[in-house]
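# Structural features, examined
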Amino acid sequence: MFNSHHHQHRRYNPLIDQWIVVSPQRMQRPWLGQQEPAPIDQRPAYDAHCFLCPGNLRADGKRTPAYTGVWAFDNDYAALLPDPPQGEVLERASAEAPPLLVAQAERGICRVICYTPRHDLGLGQLDPAALRGVIEAWAAEYRTLGALDWVRYVLPFENRGAMMGASNPHPHGQLWATGFLPGEVAREDASQRRYLASTGRTLLSDYLAMELERQERIVCANAHFVAVVPFWATWPFETLLIARRPVGALSDLHPDEQDGLAAILKSLIGCYDRLFQARFPYSMGWHQAPTDGLPQAHWHLHAHFLPPLLRSATVRKFMVGYELLGEPQRDLTPEEAARRLRTALLPHAEGTSAQ
Ligand code: H2U
Ligand code: ZN
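- Per an unreviewed UniProt entry, the protein goes by the name Galactose-1-phosphate uridylyltransferase and belongs to Candidatus Viridilinea halotolerans.
- Reading the Sequence similarities (unreviewed entry) entry of the UniProt record for the protein gives the comment "Belongs to the galactose-1-phosphate uridylyltransferase type 1 family."
- Its UniProt record gives the protein a comment under Catalytic activity (unreviewed entry), which states: "alpha-D-galactose 1-phosphate + UDP-alpha-D-glucose = alpha-D-glucose 1-phosphate + UDP-alpha-D-galactose".

Below, the structure written as structure tokens:
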């Protein structure tokens, strides 16, 4: 009889309407987590050669101010600029054929956000007040950038660690504001809109209620946020951090919810770091309501943590072969990944339990 813990199957990701192959039968292979020595990663509190440490010169000659809290600035090497030449490409093979060469000029603003002047810390090592500062800065950037008439989406994200391509070890993230909905967001937008239209509730409210009832994939939770390895996770230790109240954006959070978020961010990132006794690399980012002024009741605030590590601090999962050409595949079940992450949870992490 089929048992999803033991037998191969596909799982459906309702957020982006995509399937993933799960192969638990391959998990007989040895598990090395928490056994390899952690990579040496000692850093000074201030590094005179770091472009992002307070008071230093950046790569392009601008000076980073002597900031004391959070500091955000326009990326010196922005991938998207606010005022590019406008225009489009729309070409067809023949008059009756649909266009095959399609391009549109797009506008954007790319910002860098330094979480702390301390070169040696990370988001998970900040004290609650400093973490609150980061959350408030994310919310303020969302409000300010989203208020620009052409900005339809604001996406705060972080690439942590060299393995994820972070260009600088100083704790920082980025924010891209765009005149368009990025593809991944557009897929979530469509799914959440359909779900709200058919049930009157947000997709993630219903999903959260099911996860809280089952208690199989929850990593940690408090009164305001829940971190879960989603049923449809692609990356081995992927998590979804979901607001309990179905708010659309970080800027909608009440002060006590911001405190709850600060506490759970600390617990979750701490969990990751303790799992392999390393600064766990990841890409993380916030999905929140578009800022195009349209009704957004279908949007439910959440963050994705997408870490590439598989069995130890040095063994990473690559998306290759079948996954690039067919669809994603995983061996470790999301239930087992959640269990392993829970073992790395501090027993009395403040305001946070596996409930
Ligand atoms: P990562 O988050 O991938 O590490 O990127 C950091 C960004 O910081 C990167 O996009 C920018 C880079 O362009 N940056 C500056 O704007 N000025 C600098 O002096 C160094 C890095
Ligand atoms: Zn630095």
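### Here we look at the UniProt feature "binding site: Fe cation" (unreviewed entry) in the protein
- UniProt feature "binding site: Fe cation" (unreviewed entry): in the numbering of this structure it lies at E188, H287, H302 and H304. A stretch of 117 residues holds the annotated residues, and the largest C-alpha distance among them is 12.3 Å, short enough that they meet in one place.
- One can find H302 in strand β13 (residues 302–306).
- Along the polypeptide, H304 turns up in strand β13.
- Among the residues examined, H304 registers a relative accessible area of 13% and is labelled buried.
- Separated by 3.0 Å, the side chains of H304 and E188 make a polar contact.

### Section: the site of ligand 1
- The full set close to ligand 1 counts 15 residues, and N75, D76, S167, H172 and Q174 are the nearest of them.
- Between ligand 1 and the protein, one listed contact pairs an oxygen atom with a backbone N or O atom of A59 at 3.2 Å.
- The protein chains hide 88% of the 480 Å² of surface that ligand 1 would expose on its own.
- Of the residues belonging to the shell around ligand 1, the class tally is six nonpolar, seven polar and two charged.

### Focus on the pattern of salt bridges
- Applying the stated criterion across every chain yields a total of 24 salt bridges.
- Here D292 makes a salt bridge to R152, at a shortest N to O gap of 3.6 Å. Of this pair, D292 sits in the loop between β12 (282–287) and β13 while R152 sits in the loop between α1 (128–146) and β7 (153–160); the two residues are 140 residues apart in sequence, bridging distant segments of the chain.
- With relative accessibility at 25%, the residue D292 sits in the partly exposed group.
- Owing to a relative accessible area of 33%, R152 belongs among the partly exposed residues under this scheme.
- The shortest N-O distance in the salt bridge between E216 and R217 comes to 3.4 Å.

### Some words on the coordination of the zinc ion (ligand 2)
- At the metal site, the zinc ion (ligand 2) is ligated by C50 (SG), C53 (SG), H119 (ND1) and H170 (ND1), and these contacts range over 2.0 to 2.4 Å.
- Angles of 106 to 114 degrees at the metal separate the four donor atoms of the zinc ion (ligand 2), which places the site in the tetrahedral class.
- Every donor residue of the zinc ion (ligand 2) comes from the same chain, spaced as C-x2-C-x65-H-x50-H. Of this pair, C50 sits in the loop between β2 (18–22) and β3 (71–74) while H170 sits in the loop between β7 and β8 (172–178), and the two are 120 residues apart along the sequence.

### So, the sheet that holds strand β1 (residues 9–13)
- Pairing is mixed in the open sheet, where three strands are placed in the order β1-β2-β14. At either end of the open sheet lies a strand with only one pairing partner, and these are β1 and β14 (329–330).

Scoring rules and cut-offs
- Residues numbered from 1 in each chain as written.
- Chains lettered and ligands numbered in written order.
- Predicted model: local features only at pLDDT ≥ 70, side-chain atom pairs only at ≥ 80, totals over all residues.
- Heavy atoms only, no water.
- UniProt positions renumbered as here; feature names shortened; annotations may be inferred.
- Helix = DSSP H or I, 4+ residues; strand = E, 2+ residues; numbered from the N terminus.
- Buried < 20%, exposed > 50% of the residue type's maximum accessible area, 1.4 Å probe, protein only.
- Polar contact = N/O pair within 3.5 Å; in protein donor to acceptor, adjacent residues only side chain to side chain.
- Near = heavy atom within 4 Å.
- Areas by Shrake-Rupley, 256 points an atom, 1.4 Å probe, with all protein chains shown as cover.
- Nonpolar A, V, L, I, M, F, W, Y, C, P; charged D, E, K, R; others polar.
- Salt bridge = Lys/Arg side-chain N within 4 Å of Asp/Glu carboxyl O.
- Donors = N, O, S within 2.8 Å, 3.2 Å for Na, K, Ca; no water.
- Tetrahedral: all angles 85-135°; square planar, octahedral: opposite > 155°, others 65-115°.
- Pairing = 2+ DSSP bridges.

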